[in-house]
Amino acid sequence: MDDIDRIVGQWARERPDLQTEAMAVFGRIYRLAKLVGDRQEKVYVGLGVNRGEFDVLAALRRAGDPFQLPPKALSASLMLTTGGMTGRLDRLERAGLVTRSPDPDDRRGLVITLTDPGRELVDEAVGAGLAVQREVLERLPEPIRRQLATLLRELLTAAAGYGG
């Protein structure tokens, strides 16, 4: 029995009319994401960036050579407003991890480019963050890890298709 079982049990006692299966699933997903995310955040902070800044660097790194994207594409990739993105880009630019330059395809636009130090940092950070995730996940047998990935993919697909 874990904390989620206790919470669900309390609701079952107080409100037996409620169907609490979703609470059991999403409560655990939320807590798992928070626990692992907090551990990853400590790793990133030790490297000099926070989680949000890491996300920007990672999006640029995943874009492939020349490791650049327009700010709108970055914002869309991270599901972040352009205002929220500006603050992150300001900090990363001051740290020498990204540069802003005119977009050669759009006179009014900019492109954000990952610098060599930014690429080195994000490569180290992604490895360290994955190590944190693996440390948790590898406590489960490999067939269960595969099954869990499949089930979560199906749940995410179902949630994305839900218009509510």
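Heads up: the structure comes first, above all this text.
About the thresholds
- Residues numbered from 1 in each chain as written.
- Predicted model: local features only at pLDDT ≥ 70, side-chain atom pairs only at ≥ 80, totals over all residues.
- Heavy atoms only, no water.
- Salt bridge = Lys/Arg side-chain N within 4 Å of Asp/Glu carboxyl O.
- Pairing = 2+ DSSP bridges.
- Helix = DSSP H or I, 4+ residues; strand = E, 2+ residues; numbered from the N terminus.
- Contact = heavy atoms within 4.5 Å.
- Axes fitted to C-alpha atoms, helices over the stretch in contact; angles between N-to-C directions.
- Left-handed = near helix turned anticlockwise from the far one by under 90°.
- Phe/Tyr/Trp six-rings, centres within 6.5 Å; stacked < 30°, edge-to-face > 60°.
- Buried < 20%, exposed > 50% of the residue type's maximum accessible area, 1.4 Å probe, protein only.
- Expected span 1.5 Å × (residues − 1).
- Lys, Arg positive; Asp, Glu negative; His and termini not counted.

Trainee: Would you mind going over the pattern of salt bridges in detail, with residue names and values included?
Mentor: Pairs can form between side chains of opposite charge whenever their charged atoms are close. Enumeration according to the criterion identifies 14 salt bridges in this entry. In this structure, the salt-bridge partner of Glu14 is Arg13, at a minimum N-O distance of 2.9 Å. With a closest N to O distance of 2.8 Å, Glu93 and Arg100 form a salt bridge. Here the salt bridges share partners, and the residues they tie into one network are Asp2, Asp5 and Arg28.

Trainee: Explain the pairing of strand S3 (residues 106-114) residue by residue, including any values.
Mentor: As paired elements, strand S1 (residues 68-69) and S3 share 2 bridges and run antiparallel to each other. Paired with Leu69 across the two strands is Ile112, which belongs to S3. In the sheet, strand S2 (residues 98-103) pairs with S3 via 6 bridges, with the strands oriented antiparallel. Across the sheet, Pro102 pairs through a bridge with Leu110, a residue of S3. Connecting S2 to the antiparallel partner S3 that follows it, the hairpin turn spans 2 residues.

Trainee: Can you explain the sheet that holds S1? Please cite residues and give values.
Mentor: Taken in spatial order, the 3 strands make up an open sheet running S1-S3-S2, and their pairing is antiparallel. Of all strands in the sheet, those bounded by a partner on one side alone are S1 and S2. Contacts from helix H3 (residues 51-62) reach S1, S2 and S3, with the element oriented near 100° to S3.

Trainee: Now, about the packing of helix H2 (residues 21-46) against helix H6 (residues 116-137): what can you tell me, with residues and values included?
Mentor: For the pair H2 and H6, the least separation of the axes is 9 Å and the interaxial angle reads 145°. When you trace H2 past H6, the crossing you get is right-handed. Contacts between H2 and H6 involve Leu32, Val36, Arg39, Gln40, Val43 and Tyr44 on the former and, on the latter, Ala125, Ala128, Gly129, Val132, Gln133 and Val136.

Trainee: How would you summarise the packing of aromatic side chains if you had to cite specific residues and measurements?
Mentor: Using the criterion set out here, one finds 1 aromatic pair in the structure. Seen in terms of ring centroids, Tyr44 and Phe54 are 4.2 Å apart; in terms of plane orientation they differ by 10°. Their pairing is stacked. Here Tyr44, found in helix H2, pairs with Phe54, found in helix H3; they are 10 residues apart in sequence, far enough to count as distant. The class for Phe54 is buried, based on a relative accessible area of 7%.

Trainee: Kindly report on H2, identifying the contributing residues and their values.
Mentor: If you check H2, its first and last C-alpha atoms are 38 Å apart, about what 26 residues at 1.5 Å a residue would give, namely 38 Å. Listing the buried residues of H2 in full gives Ala24, Gly27, Val36, Gly37, Gln40 and Tyr44. Each element contacted by the buried residues of H2 is listed here: helix H1 (3-14), H3 and H6.

Trainee: Please set out the side chain of Asp103 residue by residue, giving values where relevant.
Mentor: Relative to the helices and strands, Asp103 is located in strand S2. Although Asp103 is buried, it forms no salt bridge, and the closest oppositely charged side chain is Arg108 at an N-O distance of 9.7 Å. Beyond its immediate sequence surroundings of up to four residues, Asp103 is in contact with Gly109, Leu110 and Val111.

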